[in-house]
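Here is how the chains run, residue by residue.
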Amino acid sequence: MFKTRRSAHGFKGYECFNASVNPEKINDSIVQLKVPMSRNPLGKTFSYLLLESKTLIDTGVPTEEAYTGLYDQLAEYKLKPRDIETVIITHLHNDHIGLVETLRDYGAEIWAGAAAKTRQEQMVKEWENLYENTLTELDLFGGQQYRNNITRNQYVFKSDVKPMPIDRYLQDGEKISIGDLELEVIWTPGHSYEHICLLNQAQRILFSGDHVLPKITSHVALYSYRDHDPLNEYLTSLHKVEDIDVDTILPGHEWIFHDLKPRIQQLYRHHRDRLDEMKATLEDGPQTVYDVGSKVHWDSRPWPEMTFWTKRMAATETYAHLVYLRNKGEIKEELSGDTYYFTL
C-alpha cells in the first residue's frame, strides 16, 4: 500500500494510496485535510487549510506518513508544505503540532494562544524532575504496584525539552483578519491549558480543536505536580462556547458536526455521571486514585485490559474528577503516609 519516495526536509516519506486521506472542501475558503495517524485509534488529525492566506490550523503528528498525507492533499490545491505562510495551533499536543517544526523551517509563522507561553515554560520546568515526580505521583495515587513500569523505562525521561518558537501569541477575544476570513480567538482551557477555539462568525463556523468533539469526550487530566482544577476549567470553557450561534463545527478529530449546544449538554451529563460514579465508589470507605479508577466504567476498554500507560492516563483523569469534587466540597482528600485517600 505504501511506496517510499524522497520528500523535502528530512522526511523520506510514504506515498499513501488511501481514500481516507482525500481532502474535503468545506467552502471556497476552507479545506479539511485528513492527516494520517496510524498508531492511534483516532486514525487521523484534521488540519484546516485556509486557502487565500495559505494558513493551516494544526498540522498532525511528526511522522513520514503524516507529512506525505499533508503533502499529497496540499498538492490537490497546487500547494506544497513550503508554501504555507502561517500555522495556527489550537493546543500543544503532539498530534496537533507534530509538523510545526518542518513548516517553520520552510518559513511559516507559528501562532498560538497567549497561554501557550506559560504552558511551555511550565513544561520545561516540569521536565527537569519529571522522572522523580512521576514516581512520587504513583505513590500519591496509590499505584505503588506499577513502579517497575516507570523505573524500567527511565530512558523515556532523559531527552531535553525545549520550547517551540512561537511568532505571535493570540489573546482571548482577539479578532484576527487572515486572508478573506476574520477569526475570533476563544481561550478554552481544560483539555489543555493553552487550548483555543477559533470562531468565524460570518460563515457561522467554529474550529473547535479538541475542546468539543462529536462523539468521544476530551481527555481532561491532572498530574499530582500541577496545582489547578482542569475539570472546572473545562466545564467553564464549555459554557463559554455553548451559546455561540454556528452551523458547522470543525473539530480536530472524528467528523464535522452541526449541533454544538446539544453536544455540549451531552458532555455536561457525561461528566456529572462520571463524578457521581466516582463518588459512589467511596461508599466502600477511603479509596486511592487507582482504586477509584479501577472501579469506574471506561469507554475505551475495561481496566484489567489496559496497559500501564493507559491506566496512568485513566488515573490522571480520575484525579481531575476527584479534585473537582474535593473543591466543590462533595468529598474529602487526606494524605496518609505517601498516598492520597478520598472519602465522602
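Visitor: Got a sec to walk through unusual backbone geometry? Specific residues and values, please.
Guide: Even without a glycine there, the phi angle at Lys78 is positive, about 55°. For Lys78, the position within the fold is in the loop between α1 (64–75) and β7 (86–89). Here Glu254, not a glycine, exhibits a phi torsion of approximately 70°, which is positive. Its location among the elements puts Glu254 in the loop between β14 (248–251) and α8 (260–281).

Visitor: Would you mind going over the sheet that holds strand β5 (residues 43–50) in detail, with residue names and values included?
Guide: The sheet built from seven strands is open, its strands ordered β3-β4-β5-β6-β7-β8-β9 with mixed pairing. Edge positions in the sheet fall to β3 (24–25) and β9 (168–170), since each has one partner strand and no second. Across three bridges, β5 lies against strand β6 (residues 55–57) in antiparallel orientation. Bridge pairing links Leu50 to Thr55 in β6. Packed on one face of the sheet, α1 meets β4 (30–37), β5 and β6 and runs near 155° to β4. Across the sheet, helix α4 (residues 115–128) touches β8 (109–113) and β9, and the angle it forms with β8 is around 90°.

Visitor: I'd like a rundown of the environment of Glu330, residues and numbers included.
Guide: As for its position among the elements, Glu330 is in the loop between α10 (308–327) and β15 (332–336). Assessed through its relative accessible area of 24%, Glu330 is described here as partly exposed. When sequence neighbours within four positions are dropped, the list of residues in contact with Glu330 reads Arg272, Lys279 and Leu325. Within the structure, the side chain of Glu330 is placed 3.1 Å from the side chain of Lys279, a separation counted as a polar contact.

Visitor: For the pairing of strand β12 (residues 196–200), give the residues involved together with the corresponding values.
Guide: When you tally the buried positions in β12, you get five out of five residues, the bulk of the element. Across the two faces of β12 the burial is the same, with Ile196, Leu198 and Asn200 and Cys197 and Leu199 all buried. Two elements, strand β11 (residues 181–187) and β12, share four bridges in a ladder whose sense is antiparallel. Note that in β12 the partner of Ile186 across the bridge is Cys197.

Visitor: With reference to specific residues and values, describe the pairing of β7.
Guide: Going residue by residue along β7, you find Thr86 and Ile88 tucked away on one face and Val87 and Ile89 tucked away on the opposite face as well. When β6 meets β7, the two strands line up parallel, connected through three bridges. Note on β7: the bridge partner recorded for Thr55 is Thr86. Read as a crossover between parallel neighbours, the route from β6 over α1 to β7 is right-handed. Inspection of the sheet shows β7 paired to β8 by four bridges, in the parallel sense. Note that in β8 the partner of Thr86 across the bridge is Glu109.

Visitor: Account for the nonpolar core, with residues named and values stated.
Guide: The biggest cluster of nonpolar side chains holds 50 residues, and the ones touching the most others in it are Val212, Leu260, Tyr290, Tyr319 and Phe342. Where this core is concerned, the elements lending two or more residues are α5 (130–140), β12, α7 (230–242), α8, α9 (289–295), α10 and β16 (339–343). With nine residues, the single largest contributor to this core is α10. When residues no more than four places from it in sequence are discounted, the contact partners of Tyr319 are Phe141, Leu222, Tyr223, Ser224, Val289, Glu333, Tyr340 and Phe342. If you look at the next biggest cluster of nonpolar residues, it comprises 27 residues, including Leu70, Leu74, Ala112 and Met164.

About the criteria used
- Numbering of residues starts from 1 in each chain and follows the order in which that chain's sequence is written.
- In keeping with the predicted nature of the model, local features appear solely for residues at pLDDT of at least 70, side-chain atom pairs appear and are counted solely at 80 or more, and the whole-chain, interface and lining totals rest on all residues.
- As a convention, hydrogens and water are excluded, and side-chain values are obtained from all of the structure's heavy atoms.
- Note on conventions: DSSP H or I runs of at least 4 residues are helices, E runs of at least 2 residues are strands, and numbering of each starts at the N terminus.
- For two strands to pair, DSSP has to find at least two bridges joining them.
- Contacts are assigned to residue pairs that have any heavy atoms within 4.5 Å of one another.
- To get an axis, fit a line to the C-alpha atoms, keeping to the stretch in contact for a helix; angles then go from 0 to 180 degrees between the N-to-C directions.
- Partly exposed describes any residue whose relative accessible area lies between the buried limit of under 20% and the exposed limit of over 50%, with all areas from a 1.4 Å probe on protein chains only and scaled to the type maximum.
- The definition of a polar contact used here is a pair of N or O atoms within 3.5 Å, where within protein one atom must be able to donate a hydrogen and the other to accept one, and adjacent residues in sequence count solely through side-chain atom pairs.
- Clockwise travel from the first strand over the helix to the second, with the strands pointing away from the viewer, marks a crossover as right-handed.
- Take the buried Ala, Val, Leu, Ile, Met, Phe, Trp, Tyr and Cys residues and link them wherever side-chain atoms come within 4.5 Å; each set so joined is a nonpolar core.

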